[in-house]
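Fold and geometry: a report
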Amino acid sequence: MRRSILVTGGAGFIGSNFVLQRIAAGDRVINLDKLTYAGNYGNLAEIHHHGDHVFVNGGIEDTELVSELLERHRPSAIVNFAAESHVDRSILGPEEFIQTNVLGTFRLLQAALTYWRKSSADDQAAFRFLHVSTDEVYGRSEEHTSELQSHHDL
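None of these values were measured; they are calculated from a predicted model. (Residues numbered from 1 in each chain as written. Predicted model: local features only at pLDDT ≥ 70, side-chain atom pairs only at ≥ 80, totals over all residues. Heavy atoms only, no water.)

Structural notes on the environment of Arg3
Along the chain, the position of Arg3 falls in the segment before β1 (4–8). For Arg3 and Ser76, which are 73 residues apart along the polypeptide, the C-alpha to C-alpha distance reads 6.5 Å. Setting aside anything within four residues of it in sequence, one finds Arg3 in contact with Arg22, Asp27, Arg28 and Ser76. Side chain to side chain, Arg3 and Asp27 meet in a polar contact 3.0 Å long. (Helix = DSSP H or I, 4+ residues; strand = E, 2+ residues; numbered from the N terminus. Contact = heavy atoms within 4.5 Å. Polar contact = N/O pair within 3.5 Å; in protein donor to acceptor, adjacent residues only side chain to side chain.)

Some words on the side chain of Thr8
Mapped onto the elements of the fold, Thr8 is located in strand β1. Residues in contact with Thr8, not counting those within four places in the same chain, are Leu32, Ile60, Val79, Asn80, Phe81, Ala82 and Leu108.

A word on the pairing of β1
β1 sits mainly inside the fold: five of its five residues count as buried. Both faces of β1 are covered, namely the face carrying Ser4, Leu6 and Thr8 and the face carrying Ile5 and Val7. Alignment of β1 against strand β2 (residues 28–33), held across five bridges, turns out to be parallel. Each bridged residue has a counterpart across the sheet, and for Thr8 the counterpart in β2 is Leu32. You can see the chain leave β1, run along helix α1 (residues 13–24) and come back into β2, and the turn it takes is right-handed. When β1 meets strand β4 (residues 77–80), the two strands line up parallel, connected through four bridges. Within β4, the position partnered with Val7 by the bridge is Val79. (Buried < 20%, exposed > 50% of the residue type's maximum accessible area, 1.4 Å probe, protein only. Pairing = 2+ DSSP bridges. Right-handed = clockwise from strand over helix to strand, strands pointing away.)

Quick word on the pattern of salt bridges
Using the criterion set out here, one finds five salt bridges in the structure. One salt bridge connects Glu61 with Lys34, and the closest N-O pair in it is separated by 2.9 Å. With a gap of 27 residues between them, Glu61 in the loop between β3 (53–57) and α2 (63–73) and Lys34 in the loop between β2 and β3 connect regions that are remote in the sequence. Looking at Glu61, the relative accessible area reads 17%, which means it is buried. Judged by its relative accessible area of 33%, Lys34 falls in the partly exposed class. Linking Glu71 and Arg74 is a salt bridge whose minimum nitrogen-to-oxygen distance equals 3.4 Å. A relative accessible area of 39% places Glu71 in the partly exposed class. (Salt bridge = Lys/Arg side-chain N within 4 Å of Asp/Glu carboxyl O.)

Here's the deal with the pairing of β4
Burial along β4 is two-sided: Ala77 and Val79 and Ile78 and Asn80, pointing in opposite directions, are all buried. With four bridges joining them, β4 and strand β5 (residues 128–131) adopt parallel strand pairing. The partner of Ala77 across the bridge, within β5, is Arg128.

So this is what it looks like as structure tokens:
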């Protein structure tokens, strides 16, 4: 069955590879990316004119835009790759990171919840939200840190 997926940060290195994979698999992808320093529309050159790829230049912190995309395209999943992740840049300008990584993720989750609540029981059961990130964005978990320390002690 052909799915419709909202991918955020889909012009970045990892996100664009995921988008290309999903298009090749026959899915329809709505690709929301702000095209900041990490996003490169050229990563998607082979699908620029593909009918199953809808590119939208915007950010996850834009609740109105995200809600509009959810209502218009009715995706069965959201895959969030959107993040500011360059540590050196976060030291020079931390507000940008807070806006995307914290507030943006929160707003994306809120829009997804509102969309999910308005959906049918079958659509709710099938809906998925996948958040993909790295320790550069949110740091290491205590469990992971303890595990690394115990390996270091060996």
